[in-house]
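The chain contents come next:
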Amino acid sequence: MKRVFIRTFGCQMNEYDSERMYALIKDEYTLCQEPKEADLILVNTCSVRKKAEEKVYGLVGRLKHLKKQRPDLIIGVCGCVAQQEGEKILKRLPHVDMVLGPQAVYRLPEALEKVKKGQGPVIDTEFKPDFHQPLIFPHLNGTRPVKAFVTIMQGCDNFCAYCVVPYTRGREISRPPEEILAEIECLVKQGVREVMLLGQNVNSYGRKEKGFPSFAKLLREVAQIKGLWRIRFTTSHPKDLDHELMEAIADIPQVCEHLHLPVQAGSNRVLKRMNRKYTREEYLAKVEQLRKLCLEICLTTDIIVGFPGESPEDVEETLSLLKEVRYAEIFSFKYSDRPLARATQFEDKVPEEEKARRLAKVHKLQEKITREINESFIGREVEVLVEGKSHSNETLWTGRTRSNHVVNFEGEGDLKGKLVHVLIESCGQHSLRGQLVNILRGE
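Not measured: the values here are computed from a predicted model.

Draft legend 1. Fine view of the pattern of salt bridges. For the coordinates displayed, the defined rule picks out 38 salt bridges. For the salt bridge of Glu 183 with Arg 175, the shortest nitrogen-to-oxygen distance reads 2.9 Å. We classify Arg 175 as buried; its relative accessible area is 3%. Of the charged contacts in the structure, one is a salt bridge between Asp 348 and Arg 273, with a shortest N-O distance of 3.1 Å. Of this pair, Asp 348 sits in the loop between β14 (329-334) and α14 (352-375) while Arg 273 sits in helix α11 (residues 268-274), and the two are 75 residues apart along the sequence. Residues joined in a network through salt bridges with shared partners are Glu 194, Arg 230, Arg 232, Glu 257, Glu 383 and Arg 402.

Structure follows, in structure tokens:
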């Protein structure tokens, strides 16, 4: 068989898309670990942040020497950068054979056939309003993954001022619920015990499609699948977090007590400029309501510092929000202009060195909060779904709590895929350490 090397940048949706691409060609290609071994190289890209885009260009640029050595090597740039840049990629990197946007990755076999017939390079960045993500039943080949991603919708309709996603992934399109359920059932039959439902804004699932359930109702349907122990989802837009969904999070045993709820900023002035469609007060009210319904809920978030026009006072409001909500973890970034996003036209940009200072303040505060939250677990027994051996220490098993905290512990026998109780004895900045108490559920 021929060999394919796939490199994925960016979010979980990109990882999911890469898995689907391989599923489409697995009868002809087998995976390999090094570009130099491959007959086909696919680089699945992310353009949400400038740094990720630069990494893509760096990697693909270095593949030029392989193409010179082996002219039959096929190189494809896929995903969001491909959608954003289109023909520009071929002008900058003429050794590329295929440029496929996020919808077009599902048309990979057709693009490959054209290249092999000498009809390349192929550029496919068309958004089709009637796009239907094909149902591809995953075959895990006995690899025994404990958890898996399942995309429930594509695209975004929110047009936040800093974000390129609506331009690179298109408008919101929800998948039929019966296809989502069928895909999850296929995964569970192969040993998957936890699924992460993916979408740019999962809270708005089904709102545009006639006869589709709400996201909360979809969660209840997914929870009926026998053998599925845990359900997670990302990402949730705060404006669409309603009482029905909060009740589902609180009521459904399989739904984990963890919610990623990106706030981006703590200042109403900045939130308005970002076009986030909620105020600080509305966000905090929803957090309070959620915590009343689900006492154990653990929150994480995204923060952007240095958005155009952000003042030192705005930064202080973001810091005060962090103190008030007390997130278990945050993903924080310096603002960077992204092509097509409206904020690129804003003139009052914050200097890079000032962005770095502000980000450092955010990091310092959050590190303290995260440490305090982690320390609160010491002495408690927690439920852990074991994912496998720790990457940093092969003598330890690793898994996650329902609140999404990483736990490392010692244990004998094959514990992968088991649900266990662990007594937490110590903690670090990014994980907990404990002792196995007992096994709750096996395979």
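Draft legend 2. Local environment of the layout of surface pockets. By volume, the second largest pocket is sized at about 720 Å³. Lining the second largest pocket are 22 residues; nearest its centre among them are Glu 19, Tyr 22, Leu 31, Leu 140 and Thr 143. Secondary-structure elements contributing two or more residues to the lining of the second largest pocket are β1 (2-8), α1 (12-25) and β7 (147-151). Of all the elements, α1 adds the most residues to the lining of the second largest pocket, at five residues. Looking at the lining of the second largest pocket, its residues break down into 13 nonpolar, five polar and four charged.

Draft legend 3. Inspection of the sheet that holds strand β2 (residues 29-31) at higher detail. The six strands are arranged β2-β1-β3-β4-β5-β6 in an open sheet whose pairing can be described as parallel. Of all the strands in the sheet, the pair left with one neighbour each is β2 and β6 (122-124). Neighbouring strand axes in the sheet, compared pairwise and without regard to direction, differ in orientation by 20° on average. The strands touched by helix α2 (residues 50-62) within the sheet are β1, β3 (40-45) and β4 (74-79), with β3 carrying the most contacts at an inclination of about 170°. Contacting β1, β2, β3, β4, β5 (98-100) and β6, helix α6 (residues 108-116) runs over the sheet at an angle of about 160° to β5.

Draft legend 4. Quick peek at the packing of aromatic side chains. This model, assessed by the stated rule, comprises eight aromatic pairs. Measuring from ring centre to ring centre gives 6.5 Å for Tyr 162 and Phe 307, while their planes differ by 90°; the resulting arrangement is edge-to-face. Taken together, the residues span a long stretch of sequence, with Tyr 162 in the loop between β8 (153-154) and α7 (165-168) and Phe 307 in the loop between β13 (298-305) and α13 (312-325) at a distance of 145 residues. With 6.0 Å between their ring centres and 90° between their planes, Phe 307 and Phe 346 make a pair best called edge-to-face. Here Phe 346 lies in the loop between β14 and α14 and Phe 307 lies in the loop between β13 and α13, a separation of 39 residues in the sequence. Take Phe 307 and Phe 346: they sit in the same class, and that class is buried. Counting every residue linked through ring pairs, the aromatic cluster contains Tyr 162, Phe 307, Tyr 335 and Phe 346. One cation-aromatic arrangement involves Arg 20 over Tyr 16; the distance from NZ or CZ to the ring centre is 4.2 Å. The positively charged end of Arg 380 is found above the aromatic ring belonging to Phe 377, 4.4 Å away from the centroid.

Draft legend 5. Main features of empty space enclosed by the protein. Evaluation of the coordinates by the stated rule reveals one cavity of 30 Å³ or more. By volume, the largest cavity is sized at about 40 Å³. Lining of the largest cavity is provided by Cys 11, Asn 14, Cys 46, Val 48, Cys 80, Val 165, Arg 169 and Gln 200. Grouping the amino acids of the lining of the largest cavity by side-chain chemistry returns five nonpolar, two polar and one charged.

Draft legend 6. Just the environment of Val 56, in detail. Considering the arrangement of structural elements, one finds Val 56 in helix α2. The exposure class of Val 56 is buried, given its relative accessible area of 2%. Considered as a pair, Val 56 and Gly 411 are 355 residues apart in the sequence and their alpha carbons are 40 Å apart. Beyond its immediate sequence surroundings of up to four residues, Val 56 is in contact with Phe 9, Val 43 and Thr 45.

Calculation rules
Residues numbered from 1 in each chain as written. Predicted model: local features only at pLDDT ≥ 70, side-chain atom pairs only at ≥ 80, totals over all residues. Heavy atoms only, no water. Salt bridge = Lys/Arg side-chain N within 4 Å of Asp/Glu carboxyl O. Buried < 20%, exposed > 50% of the residue type's maximum accessible area, 1.4 Å probe, protein only. Helix = DSSP H or I, 4+ residues; strand = E, 2+ residues; numbered from the N terminus. 1 Å grid on protein atoms, 1.4 Å probe; cavity = no way out; pocket = protein on both sides within 12 Å on 5 of 7 lines; lining within 4 Å. Points joined across faces, edges and corners; volume = space filled by probe spheres on them. Nonpolar A, V, L, I, M, F, W, Y, C, P; charged D, E, K, R; others polar. Pairing = 2+ DSSP bridges. Axes fitted to C-alpha atoms, helices over the stretch in contact; angles between N-to-C directions. Contact = heavy atoms within 4.5 Å. Phe/Tyr/Trp six-rings, centres within 6.5 Å; stacked < 30°, edge-to-face > 60°. Lys NZ or Arg CZ within 6 Å of the ring centre and 35° of its normal.

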